[in-house]
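Listed below, chain by chain, are the residues.
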Amino acid sequence: MWQAEVRVDLDAIRDNVALLRAGTTAEVMAVVKGDGYGHGMLPSARAALAGGASWLGVATLDEGLALRRAGFEVPVLAWLHSPGLPLHEGVAADIDLNAGSLELLGELVAAARRAERTARVHLKIDTGLARGGATAAEWPALLEAAAKAQVDGDIEVVGIWSHFVYADEPGHETVDHQLAAFADGLAVAERYGITPRYRHIANSAATLTRPDSHYDLVRPGIAVYGLSPVAGETFGLRPAMTARARVALTKRVPAGQGVSYGHTYVTERETTLALVPLGYADGVPRAASNAGPVQLGGKRRTVAGRVCMDQIVLDVGDDPVAAGDVATLFGPGDDGGPTADDWAGVVGTINYEIVTRFGSTRVPRVYDGEPGGAA
Ligand SMILES: *Cc1c(COP(=O)(O)O)cnc(C)c1O
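This structure is a prediction, so every number in the text was calculated from the model and none was measured. (Residues numbered from 1 in each chain as written. Predicted model: local features only at pLDDT ≥ 70, side-chain atom pairs only at ≥ 80, totals over all residues. Heavy atoms only, no water.)

## Quick word on the sheet that holds strand β17 (residues 312–317)
- Strand order in the open sheet formed by three strands is β11-β14-β17, with antiparallel pairing between adjacent strands. The sheet is open, and its two borders are formed by β11 (249–253) and β17, each paired with just one other strand. Looking at each pair of strands side by side, their axes are set apart by 30° on average, direction ignored.
- Judged from the five bridges that link them, strand β14 (residues 271–276) and β17 form a sheet pairing that is antiparallel. When the sheet's bridge partners are listed, Ala274 is paired in β17 with Leu314. (Pairing = 2+ DSSP bridges. Helix = DSSP H or I, 4+ residues; strand = E, 2+ residues; numbered from the N terminus. Axes fitted to C-alpha atoms, helices over the stretch in contact; angles between N-to-C directions.)

## A short note on the UniProt feature "binding site: substrate" (unreviewed entry) in the protein chain
- The sites that UniProt annotates as "binding site: substrate" (unreviewed entry) are Arg131 and Met309. Judged by maximum C-alpha separation, these annotated positions cover 179 residues in sequence and are scattered in space, the widest gap reaching 33.4 Å.
- Residue position: Arg131 is located in the loop between β6 (119–124) and α7 (139–151).
- For Arg131, the residues in contact, after removing those within four places along its chain, are Asp126 and His163.
- Following the sequence through the fold, Met309 ends up in the loop between β16 (299–302) and β17.
- For Met309, the contacting residues outside a window of four places in its chain are Gly279, Tyr280, Ala281, Asp282 and Arg362. (UniProt positions renumbered as here; feature names shortened; annotations may be inferred. Contact = heavy atoms within 4.5 Å.)

## Considerations on the pairing of β6
- The element β6 is extensively covered by neighbouring structure, given that five of its six residues are classed as buried.
- Where strand β5 (residues 96–99) lies against β6, three bridges are found, and the strand directions are parallel. Residue pairing across strands places Ala99 opposite Leu123, the latter belonging to β6.
- Note on the crossover from β5 through helix α6 (residues 102–115) to β6: the handedness is right-handed.
- Sheet topology note: the β6/strand β7 (residues 155–161) ladder contains six bridges and is parallel. What sits directly across from Arg120, in β7, is Glu156.
- With α7 bridging β6 and the parallel β7, this β-α-β connection has right-handed handedness. (Buried < 20%, exposed > 50% of the residue type's maximum accessible area, 1.4 Å probe, protein only. Right-handed = clockwise from strand over helix to strand, strands pointing away.)

## Examining the packing of α6 against α7
- Where α6 contacts α7, the axes come no closer than 10 Å and their chain directions differ by 10°. It follows that α6 is roughly parallel to α7 by the angle criterion. Contact residues: α6 offers Leu102, Leu105 and Val109, while α7 offers Ala141, Leu142, Ala145, Ala146 and Ala149. (Parallel < 35°, antiparallel > 145°, perpendicular 65-115°, else oblique.)

## Considering the packing of helix α3 (residues 41–50) against helix α4 (residues 61–69)
- Direction vectors running N to C along α3 and α4 enclose 65°, while the axes themselves pass 11 Å from each other. Classed by the angle they form, the pair α3 and α4 counts as roughly perpendicular. Of the two possible hands of crossing, α3 and α4 adopt the one that is right-handed. Only Glu63, Ala66 and Leu67 of α4 make contact with α3, whose side of the interface consists of Met41, Leu42 and Ala45.
- For the contact of α3 with α4, the residue count by class is five nonpolar, no polar and one charged. (Left-handed = near helix turned anticlockwise from the far one by under 90°. Nonpolar A, V, L, I, M, F, W, Y, C, P; charged D, E, K, R; others polar.)

## A closer look at the pairing of β7
- Counting buried residues in β7 gives six out of seven residues, a clear majority hidden from the surface.
- Sheet analysis places β7 next to strand β8 (residues 198–202), joined by three bridges and oriented parallel. Of the residues in β8, the one forming a bridge with Trp161 is His200.

## Digging into helix α10 (residues 340–347)
- Where α10 is concerned, the buried positions are Ala340, Trp343 and Ala344. Looking down the long axis of α10, one finds its buried residues gathered within 100° of arc, a one-sided arrangement.
- Check the buried side of α10 and you find it contacts β15 (293–296), β18 (326–330) and α11 (351–357). (Arc of directions from axis to C-beta.)

## Focus: the nonpolar core
- Grouped together as the largest cluster of nonpolar side chains are 112 residues, with contacts concentrated most on Leu123, Leu329 and Phe330.
- Here this core gathers at least three residues from each of two domains, domain 1 (54–223) and domain 2 (241–368).
- In contact with Phe330, not counting residues within four places along its chain, are Met241, Thr242, Ala243, Pro338, Thr339, Ala340, Trp343, Ile354, Val355 and Phe358.
- In this structure, Val259, Leu273, Leu275 and Ala304 belong to the second largest nonpolar core, which totals six residues. (Core = buried A, V, L, I, M, F, W, Y, C linked by side-chain atoms within 4.5 Å. Domains from an automatic or database assignment.)

So, in structure tokens, the structure goes:
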């Protein structure tokens, strides 16, 4: 018997990727960083490949190495490296690595020599996000060094890439500015003889709303998991994660009863309280105290009082809720139940953070659907 669980619908992940794939002539890199946005990196990767992804994208070298250890043979790009990492292990494992600075390029050349094979490199240009990547001013020097390293056989420039600031607001002026800066960066690269097979800049939002940004490869993350990057639009995606728990106990309490730490909720009349065994250690934001929506007994309730480390309380009035009944914090929302978007809305964050938080280890992840099979 289970107490709390995070269910992940792998068929939904597969179908979401198939939908993204159908909307582009580019290849699809499914982004599975952050343990697959909390859904589990390996099962999510398998489902994404079953849906037609041909690349996997991760932030860290360790994530990339974990994919290789699990037997994934498709191209993998890892993009976030501090100095001094064992990048030669990534080169040896045939993981594509990002160079967004001269220093990183130098590390990749050293890693290639140590691994005694050519490093597959994606050069990153900062088109406005001001996060990773070379600025337009730094770009020519990076290209010059990369062209030399390529002639020397230390690296192969497989890609040139960038990342959007604000593609989740379709029509935002930064999208056009960044696309123009990216085109400029590609033109400069051509002058250095660098014309890689893969040019890529589109995240989920741009994949869904800006076909002119797709180039050779798109890098959707959140959409793979069925959540929309654009407020108010679903694009036909299906949320893959459901978080739920079985009521541990119910009790009748009188009017005027303070509930949970600090008594920030007080019952208005005699009522039934239901104790739900999921708390902030499991991913429920504490900021959802007196705000988070939960489906129980066919109705939507609101967390009563503070979210605790392990549990929350619901005030269910006189409804016949009993211990063992299933309380759903969020899911696909078909039955009128809350979604990760609803939770994001009440705590002032984004759906990404809600599902990623629920990747904690205490609550078992249970997988539905069977796409992918072998790695
Ligand atoms: C996380 C990430 C993505 C995916 O972004 P979504 O908004 O989840 O689609 C793509 N590219 C990079 C560089 C990222 O860090």
